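Spelled out, the chains give:
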Amino acid sequence: MEMHIMEIVRFALYMATISVSLVFMIKADDNNFMRRFSLGGGVLLVYFNEQIGNTIYLVMGSTLETLIAAMGVLFVLILAAIITIFPLIALFRWTIH
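Residues numbered from 1 in each chain as written. Predicted model: local features only at pLDDT ≥ 70, side-chain atom pairs only at ≥ 80, totals over all residues. Heavy atoms only, no water.

Just checking my understanding: could you explain the overall build of the protein for this structure?
The helix and strand tally for the protein stands at three helices and zero strands. Walking the protein from its N terminus toward its C terminus, one meets helices and strands in the order α-α-α. Computed over the C-alpha atoms, the radius of gyration of the protein is 26 Å, more than 25% above the 13 Å expected from 2.2 N^0.38 for a compact globule of 97 residues. Overall size of the protein, expressed as C-alpha extent along the three principal axes, is 85 × 30 × 15 Å. Scored against the burial criterion, the 97 residues of the protein give a buried share of 12%. Per element, the accessible surface of the protein, about 8,200 Å² overall, is 77% carbon and sulfur. Between the centroid of the 5 positive side chains of the protein and the centroid of its 6 negative side chains there is a distance of 10 Å. (Helix = DSSP H or I, 4+ residues; strand = E, 2+ residues; numbered from the N terminus. Rg over C-alpha atoms; globule rule 2.2 N^0.38 Å. Buried < 20%, exposed > 50% of the residue type's maximum accessible area, 1.4 Å probe, protein only. Areas by Shrake-Rupley, 256 points an atom, 1.4 Å probe, with all protein chains shown as cover. Lys, Arg positive; Asp, Glu negative; His and termini not counted. Charge placed at Lys NZ, Arg CZ, Asp CG, Glu CD.)

Hey, could you run me through the pattern of salt bridges in this one?
Oppositely charged side chains are able to pair whenever their charged atoms sit close together. Scanning all chains against the criterion turns up one salt bridge. Its salt-bridge partner being R10, residue E7 comes within 3.3 Å of it at the nearest N-O pair. Pair noted here: E7 and R10 are both in helix α1 (residues 2–28), with a separation of three residues, about one helical turn. Taking relative accessible area as the criterion, E7 reaches 40% and is therefore assigned partly exposed. When its relative accessible area of 18% is taken as the criterion, R10 is described as buried. (Salt bridge = Lys/Arg side-chain N within 4 Å of Asp/Glu carboxyl O.)

Is there a simple way to explain the environment of A81 in this structure?
Tracing the chain through its elements places A81 in helix α3 (residues 49–96). Along the chain, A81 and L67 lie 14 residues apart, while their C-alpha atoms are 21 Å from each other.

Help me understand the packing of helix α2 (residues 32–47) against α3, please; the structure alone is not making it clear to me.
Contact geometry for α2 and α3: axes closest at 5 Å, N-to-C directions at 70°. Here α3 runs roughly perpendicular to α2, going by the angle between their axes. Two secondary-structure elements touch here, α2 through L45, V46 and Y47 and α3 through N49, Q51 and I52. Here the residues of the contact of α2 with α3 sort into four nonpolar, two polar and no charged. (Axes fitted to C-alpha atoms, helices over the stretch in contact; angles between N-to-C directions. Parallel < 35°, antiparallel > 145°, perpendicular 65-115°, else oblique. Contact = heavy atoms within 4.5 Å. Nonpolar A, V, L, I, M, F, W, Y, C, P; charged D, E, K, R; others polar.)

Honestly, the packing of aromatic side chains in this entry has me stumped. Any pointers?
For any pair of aromatic rings, geometry is given as the distance between the ring centres together with the angle between the planes. Summed over the entire model, instances satisfying the criterion amount to two aromatic pairs. When the centroid spacing of 4.9 Å and the interplanar angle of 85° are considered together, the rings of Y47 and F48 count as edge-to-face. Look at Y47 and you get exposed, because its relative accessible area is 63%. For F48, a relative accessible area of 37% translates into the label partly exposed. (Phe/Tyr/Trp six-rings, centres within 6.5 Å; stacked < 30°, edge-to-face > 60°.)

Written as structure tokens, this is what we have:
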């Protein structure tokens, strides 16, 4: 499953590279520097596609894992606060009635 997700990320990177390079080349008109810069950037992205795909996959995974851990910590803190408040509410009700 992990390799499948990495392949999807790499394919998306290929498609993004090709589309952005084509748009830059069309927008460049007669600007040879812009065309060569776009070509060079596209070649670099395609050449380092495997490393970039792995890095993006790891960044996405660690970000998702961090968010899940933060939500778990927040849930435990809220639950602890609620459990801590219950005796205070009981004491308050006992003193009033």
